[in-house]
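Here is how the chains run, residue by residue.
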Amino acid sequence: FYIMKINKIYIPNDSSSLSVGSEETFTVFNSLISDKNIDIVRTGSRGLFWLEPLVELDTEIGRIGFKNVSYKDVPKILTEYQNHPSYIGIVEEIEFLKKQKRVTFSNCGKYNPISIDDYISNGGFTGLKKALTFDQNRLVEIITKSGLRGRGGAGFPTGIKFKTVLGAKAEKKYIVCNADEGDSGTYADRMLMEGDPFLLIEGMIIAGITVGANKGYIYLRSEYPEAYAKLNLAIEAAKKEKLIGHNLLGSNKCFDLEVRLGAGAYICGEETSLLESLEGKRGQIRSKPPLPAFEGLFGFPTAVNNVITLASIPMIIKKGHEFYSSLGSRNSKGTLTIQLSGNIKNGGLIEVPFGIKLSEVLNNYGIGTISGRPIKAVQVGGPLGAYWSEKLFDTPLDYETFQENGGMIGHGGVVVFDDQVDLRAQAKFAMEFCSFESCGKCTPCRIGSVRGKEILDKIIIGDNVKNNIKLLLDLCDVMEHGSLCAFGGLIPVPVRSAIENFKEDFLI
């Protein structure tokens, strides 16, 4: 029945693979090998989404892969192996994966994400054990020298935030993980929480020890049921091993952790709105100051960080700040998790050092559009990111260079459009999105976005185009400088960039 010995079969059960039939594929594999003493391991995704469901067989020559496996393919895969049309060879040798520099995602997709034994046997909790041997100031120093910055959008230095919370005098402190991943074209947080949840948990525990917080919350968007289930299973497993709770690993340190679900509001990705929601209130922006580092959750000092930021900490502590700071460019240190989506042939997650050119991401990893037509526009940084034309594709992906060119990296989402896209419609979408997702607290965002959509409707039908574009740009100035938070303040970025970089679409 089998050509060569199979040790294990790896079948993903994250959201991306489940959406294209991995559960049905698993069911057939399970029925055919139930009496063959072969284990089936359910894993997360490796991020090669155009190949999902990606099934791997652990054989004498290594883990070999099969792409887009339907339940109908299973019997022949088990008998034909390399002769099967979906066979793609040794998975680690796939060019898309091989040329990356995976640090945070080095183990994602390799083992059972809710097996604490698998996590530990692959080096898990080594960073935590090492962290328990350092004092808090030393931990802050290591994280600061690593150059780690927030991966949620703003790129604020993590070490400075931790130092501020550590120095704040209060009877309680909190660690809050912002897992409300709402930007268009982003899925790195989801992929990590579904594929390697213990890494996030370890990072949060180390963060709590560093700043003196005994409690942590993961604020998770409600649209991620698979992540919610796996995070809770992983937290329970960590509690059983005394990795969460009192006297962590026999030390005098304590840290508790729980997951809270959001209710679908994009604005709760902003840290103060998130904190309001965590407290059971309506998700609206808080005025700053005071900063959350001084008065955050329930009025106590709080470090709010993104999933990827916190998940980067264990490796930094484990390997030292020099390892992490040696990667990247300028003041953007470490690795960037790029998420390719839209009209792209090879959509998926890439982890590479900061400084890679956007053109290399599009051509060497994405391999152009799935439609086969030329790329016309790329939006980096979610719905608040700029629309760039080909003249900017050679820009290096780092915080400073992108900002100098009027863009933002944000959470690393890259959405691709071919030459059939209408940038007027995309500018209108930005204003519509803002009007729908605004928390309503400030007038420039709440009313300005509605007026912006109305003006763009006139531009699209050719009504007094030049004067309406001038009016739209004036409105963008008001929104940028008058909005309470970055949401209303950054909505002008996609609108202005669409007008500036794609004048032909606006008939200017």
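Conventions adopted
Counting restarts for each chain: residues are numbered from 1 in the order of the written sequence. Two thresholds apply to this predicted model, a pLDDT of at least 70 for residue-level local features and 80 or more for giving and counting side-chain atom pairs, whereas whole-chain, interface and lining totals are computed over all residues. For side-chain calculations, the full set of non-hydrogen atoms in the structure is used, while hydrogens and water are omitted. We call a residue buried when its accessible area falls under 20% of the maximum for its residue type, exposed when it is over 50%, and partly exposed in between, using a 1.4 Å probe and counting protein chains only. Each helix is a run of H or I in the DSSP string that is no shorter than four residues. Each strand is a run of E no shorter than two, and both are numbered from the N terminus. When DSSP finds at least two bridges between two strands, those strands are taken to pair. In this description, the arc belongs to the directions extending from the helix axis to the C-beta atoms. The contact criterion used is simple: two residues touch if any of their non-hydrogen atoms lie within 4.5 Å. Axis lines are fitted through C-alpha atoms, for helices just across the contact stretch, and the angle between N-to-C directions can take any value from 0 to 180 degrees. Basic side-chain nitrogens of Lys or Arg form a salt bridge, by our definition, when they fall within 4 Å of a carboxyl oxygen of Asp or Glu. Here a polar contact means two N or O atoms within 3.5 Å. Within protein one must be a hydrogen donor candidate and the other an acceptor candidate, and residues neighboring in sequence count only if both atoms are side-chain atoms.

Considerations on the pairing of strand E13 (residues 348–353)
- The buried fraction of E13 is high, at 5 of 6 residues.
- Here 6 bridges tie strand E12 (residues 335–342) to E13, and the two strands are oriented antiparallel to one another. When the sheet's bridge partners are listed, leucine 336 is paired in E13 with valine 352.
- Between the end of E12 and the start of E13, which pair antiparallel, lie 5 residues.

Thoughts on helix H8 (residues 158–167)
- The set of residues buried in H8 consists of Thr158, Gly159, Lys161, Phe162, Val165 and Leu166. Projected down its long axis, H8 shows its buried positions confined to an angular sector of 160°, all on one face.
- Buried residues along H8 sit against helix H7 (136–146), helix H10 (197–211), helix H12 (271–278), strand E9 (302–306) and helix H13 (307–319).

A few points about the sheet that holds strand E5 (residues 87–90)
- With mixed pairing, 5 strands are arranged side by side in an open sheet as E2-E1-E3-E4-E5. Strands at the two margins of the open sheet, each flanked by one partner only, are strand E2 (39–43) and E5. Going from strand to strand, the sheet's axes swing by 25° on average, the running direction of each strand aside.
- Direction of pairing for strand E4 (residues 62–66) relative to E5: antiparallel, over a ladder of 3 bridges. Residue pairing across strands places glycine 65 opposite glycine 89, the latter belonging to E5.
- Those strands touched by helix H2 (residues 22–33) are strand E1 (6–12), E2 and strand E3 (55–59), and its axis lies near 165° from that of E2.

A closer look at the pattern of salt bridges
- Per the stated rule, a full pass over the model turns up 33 salt bridges.
- Here arginine 330 makes a salt bridge to glutamate 404, at a shortest N to O gap of 2.8 Å. Taken together, the residues span a long stretch of sequence, with arginine 330 in the loop between strand E10 (328–329) and strand E11 (332–333) and glutamate 404 in helix H16 (residues 399–404) at a distance of 74 residues.
- Looking at glutamate 404, the relative accessible area reads 56%, which means it is exposed.
- One salt bridge in this structure joins aspartate 505 and lysine 376, with 2.9 Å as the shortest N-O distance. Of this pair, aspartate 505 sits in the segment after helix H22 (492–501) while lysine 376 sits in strand E14 (residues 375–380), and the two are 129 residues apart along the sequence.
- The class of aspartate 505 is buried, set by a relative accessible area of 11%.
- For lysine 376, a relative accessible area of 16% corresponds to the buried category.
- The structure contains a network of salt bridges with shared partners spanning Lys215, Glu236, Lys239, Asp256, Glu258 and Arg260.

Overview of the side chain of glutamate 202
- Relative to the helices and strands, glutamate 202 resides in helix H10.
- Within the structure, glutamate 202 has its side chain in polar contact with the backbone nitrogen of glycine 127 (distance 3.2 Å).
- Residues contacting glutamate 202, with those up to four places away along its chain left out, are Tyr119, Gly124, Phe125, Thr126, Gly127, Leu128 and Pro314.

Thoughts on H12
- With respect to burial, H12 is a largely interior element, 7 of its 8 residues being buried.
- All of the buried residues in H12 are Glu271, Thr272, Ser273, Leu274, Leu275, Glu276 and Leu278.
- Directly after H12, the chain includes glycine 280, whose backbone phi takes a positive value near 90°.

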